[in-house]
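# Residue-level structure breakdown
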Amino acid sequence: MSEFAFDEEIRQEEGAASAIRSETAETPAVAEEAESGSSRSADDFRRLSFYQIWIRSFADGNGDGIGDLYGVYDKLPYLKYLGVDAIWFSPIYPSPNADYGYDISDYKNIHPDYGTLDQFKRVLDKAHSLGMKVLMDLVINHTSDEHPWFKESCKGRDNPYSDYYIWRDGRKKGRLPNNWNSQFEGKAWEWNEERGQYYLHVFAKKQPDLNMDNPRVREEVKDIMRFWLDMGVDGFREDVITFISKREGLPNGLPFLPAINGMPHYKDGPHIMEYLEEFRAVAREYGAIQIGEAPYTPTKTALRYMSGEDRVLDMMIQFDTMTADCFMTEYVHLPFSLRRLKRAFSKWQYALEGKAWNALYLENHDHPRVISRYGSRLFWRESGTCLCAAYMLQQGCPFIYQGQEIGMLNIHLPSIDHYLDVASKNAYHSFHLKEPAKKRLRRIHLSSRDSARTPVQWTAGRYAGFSKVRPWFYLNHNYKHINAAAQIKDPASILRFYRRCLELRKGSETLIYGTYREYFPKSRSHYVYERALNGERILVVCSFSHIPTLLRLPKDWIGKPKTLLLGNYAKIHDEDLLRPYETRVYRMEAAAGSTD
Ligand code: NOJ
């Protein structure tokens, strides 16, 4: 592996030029401004904002076309410039990549495509020196079928690993152990010739589910946690964590809703709290943050996990806000509904108020790009900035997914063979088979996770500045006008707006801790909410309309003096008129003469 920029940079001491920094006058100052190197201070995690890195497409530092830790190291000053406080790494461990890292074959190492443990440590230390925390992805519902545990487990029923996975005999007449379908690849059971039994895989065939009922497996998990925490990481994002306890007896699921028919029995199972408490005890020893991914979890269940001092998770990645244009999965597309989105936002805000804390997000590696879904290509900049304020200023920790902050858009590849994501391929080949191929491909364009996995567009130069050679996956051809370098220079850009929003939140106790209240929930074109704390009131007004609309203020805001804290148009010509996707953040000021 060439020692490209990364080691060179270390030799020159911290803070040497990064690709992006060299293109802007604004970043260098931030890079020098190192903060407390301490990773796990007694900080209140609720103040933090997070940036998710899906490393393969983030930045290639060693010139092989694949994103890596060298690239991450180079871009840390950029993240500091953006203003995020923590990085969540999607899996960077060795993996055959059947599900791009979510199929792990070694939990205590780094995928050779991305670097080494030593390089990871350097990234970690550098992030800490810039005042950023680092979270790893803990994927423990399943491993890769190439993990040594699984290979051993296949060997028979009486070796130390035989009970590490969920093995069953078939039912009578050659029927599978139960009727569950997997989320990604046909039935949830796969026959293993060597062992002469079926194993459970709730996701792809190459992702066998671990048997968390086995105390030895739980010890392994704790050991993995300690390995990374001892190295200095600050916590974990925990993959489909609510799936780790399955209902005893693995009963048949509902015969309808093919992709999730077993879910009622493999989600929130009888021992889930017990197991999560065990893991929490480890996290607590280190003061680590735990964020659990929890697909399709009702708020009441979510509170069981997240509320109180003895909570087992600090935050949860819920899925409701990702279904404003689809039914459960993006593959079943519906027209975007602002009201559905607002309902989801407010449902979580009200339910968690005073009891738990929200993880706020609109994009990650599992969903297509949000402007392509909830925004507008025509009003790309305006809708990108509007969406930013719409979610980020709610109560909770904002999460930004790589490329979201520059408004990256979906890709439309010419055939299903160009796509790589196992879930997209499976959906294409399993559902709506009677529809013409063109229509099915259109569904993929709307739904594929691959749209979020194209290389990040850093510059307008060759290969979008992502790499010096052809990247491992398709670049979106729009990189000439959608790229970070251009947006750093443009005060009106989406990137600069994200930065301003983060800054505004960071500087305002009201935006961090204040209560949330939604106004005009029935409006089909406006999203209006207020944050309030100790008498301070901040109003966020977002128009989702393509045409100008009249500004509607809540009754007790009318006629009151207010200051515009943030807006996504350079100037307001008419106070009462909102232009397409216009967004304003106001603070109410005390009326002259008032003593309040
Ligand atoms: C959720 C992850 O976010 C997704 O990318 C992955 O495919 C599944 N869990 C299975 O690990």
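Parameters at a glance
Residues numbered from 1 in each chain as written. Predicted model: local features only at pLDDT ≥ 70, side-chain atom pairs only at ≥ 80, totals over all residues. Heavy atoms only, no water. Near = heavy atom within 4 Å. Polar contact = N/O pair within 3.5 Å; in protein donor to acceptor, adjacent residues only side chain to side chain. Areas by Shrake-Rupley, 256 points an atom, 1.4 Å probe, with all protein chains shown as cover. Nonpolar A, V, L, I, M, F, W, Y, C, P; charged D, E, K, R; others polar. Axes fitted to C-alpha atoms, helices over the stretch in contact; angles between N-to-C directions. Helix = DSSP H or I, 4+ residues; strand = E, 2+ residues; numbered from the N terminus. Parallel < 35°, antiparallel > 145°, perpendicular 65-115°, else oblique. Left-handed = near helix turned anticlockwise from the far one by under 90°. Contact = heavy atoms within 4.5 Å. Patch = residues over 30% accessible without salt bridge, like charges linked within 9 Å, V, L, I, M, F, W, Y side chains within 5 Å. Salt bridge = Lys/Arg side-chain N within 4 Å of Asp/Glu carboxyl O. Phe/Tyr/Trp six-rings, centres within 6.5 Å; stacked < 30°, edge-to-face > 60°. Buried < 20%, exposed > 50% of the residue type's maximum accessible area, 1.4 Å probe, protein only. Lys NZ or Arg CZ within 6 Å of the ring centre and 35° of its normal. Core = buried A, V, L, I, M, F, W, Y, C linked by side-chain atoms within 4.5 Å. Domains from an automatic or database assignment. Pairing = 2+ DSSP bridges. Right-handed = clockwise from strand over helix to strand, strands pointing away.

### So, the site of the ligand
If you check the shell around the ligand, you find 14 residues, and the closest are D99, H142, D239, H365 and D366. Between an oxygen atom of the ligand and a side-chain N or O atom of R237, the distance comes to 3.0 Å. The separation between an oxygen atom of the ligand and a polar side-chain atom of D366 is 2.4 Å. In isolation the ligand has 290 Å² of accessible area, and contact with the protein removes 98% of it. For the shell around the ligand, the class distribution of residues is 4 nonpolar, 3 polar and 7 charged.

### Observations concerning the packing of helix α9 (residues 299-306) against helix α10 (residues 338-352)
Viewed as axis vectors pointing N to C, α9 and α10 meet at an angle of 45 degrees, and their least axial separation amounts to 10 Å. Overall, the two elements α9 and α10 adopt an arrangement that is oblique. In this structure, α9 crosses over α10, and the sense of that crossing is right-handed. Facing α9, whose interface residues are T299, A302, L303 and M306, α10 presents K347, W348, A351 and L352.

### Considering a nonpolar patch on the surface
Judged by side-chain polarity, L254, F256, L257, F327, V332 and L334 come together as a nonpolar surface patch covering roughly 500 Å² of accessible area. Position of F256 relative to the elements: it lies in the loop between β7 (235-238) and α7 (263-266).

### Regarding the packing of aromatic side chains
All chains considered together, the criterion is met by 39 aromatic pairs. With centroids separated by 6.1 Å and ring planes inclined at 70 degrees, the aromatic side chains of Y51 and F58 adopt a geometry described as edge-to-face. When sorted by exposure, Y51 lands in the same class as F58, which is buried. A ring pair is formed by F544 and Y581, whose centres lie 6.2 Å apart and whose planes are at 65 degrees; its orientation type is edge-to-face. A residue pair is termed long-range when its members are at least 10 positions apart, and F544 in the loop between β16 (536-543) and β17 (549-550) and Y581 in the loop between β19 (577-578) and β20 (583-588) qualify at 37 residues. Like F544, the residue Y581 is buried in the burial classification. Within the aromatic cluster, the residues linked to one another by ring pairs are F89, Y93, Y107, F120, W149, Y161, Y164, F227 and W228. Taking NZ or CZ as reference, R443 lies 5.7 Å from the ring centre of Y331, over its face. Its end group placed over the ring of Y586, K562 keeps NZ or CZ at 5.0 Å from the ring centre.

### A few points about the nonpolar core
One recurring pattern in soluble globular proteins: nonpolar side chains tend to sit buried together. Counting residues in hydrophobic clusters, the biggest one holds 140 residues, and the most contacted among them are Y78, F89, F120 and W228. A domain-level breakdown of this core finds at least three residues from each of domain 1 (148-200) and domain 2 (513-588). Residues in contact with F120, not counting those within four places in the same chain, are L69, F89, I92, I110, V134, M136, W228, M231 and V233. Formed by 18 residues, the second largest nonpolar core is a distinct cluster that contains F184, A204, M263 and Y266.

### Section: the sheet that holds β20
Taken in spatial order, the 5 strands line up as β14-β15-β16-β20-β18 in an open sheet, and their pairing is antiparallel. Either end of the sheet is taken by a strand with one partner, and the two such strands are β14 (515-519) and β18 (562-567). Taking the axes of each pair of neighbouring strands and ignoring which way they run, one obtains an average angle of 25 degrees across the sheet. The strands that α10 touches are β14 and β15 (526-533); relative to β14, the one it contacts most, it runs at about 155 degrees. Packing against the sheet, helix α16 (residues 494-506) makes contact with β18 and β20, and its axis sits at approximately 135 degrees to β18.

### Quick word on the side chain of D421
Tracing the sequence through the fold places D421 in the loop between β13 (397-401) and α13 (422-430). One polar contact links D421 to S424, side chain to side chain, over a distance of 2.9 Å. If we ignore the near neighbours within four places in the chain, the residues touching D421 are R449, D450 and R453.

### Description of the pattern of salt bridges
Oppositely charged side chains can pair when the atoms bearing their charge come close. The full count for this structure, using the stated rule, is 41 salt bridges. With its nearest N and O atoms 3.1 Å apart, the salt bridge here joins D113 to R56. A residue pair is termed long-range when its members are at least 10 positions apart, and D113 in the loop between β2 (86-89) and α4 (117-129) and R56 in the loop between β1 (50-53) and α3 (69-82) qualify at 57 residues. For R56, a relative accessible area of 10% translates into the label buried.

### Some details on the pairing of strand β8 (residues 289-293)
Most of β8 is tucked away: 5 of the 5 residues are buried. Residues I289, I291 and E293 line one face of β8 and the alternating positions Q290 and G292 line the opposite face, and both faces are buried. In the sheet, β8 pairs with strand β9 (residues 315-317) via 3 bridges, with the strands oriented parallel. In the strand pairing of β9, G292 is matched with M316. Following the chain from β8 across α9 to the adjacent parallel β9, one finds a crossover that is right-handed.

Any functional reading would require information that these geometric values do not contain.
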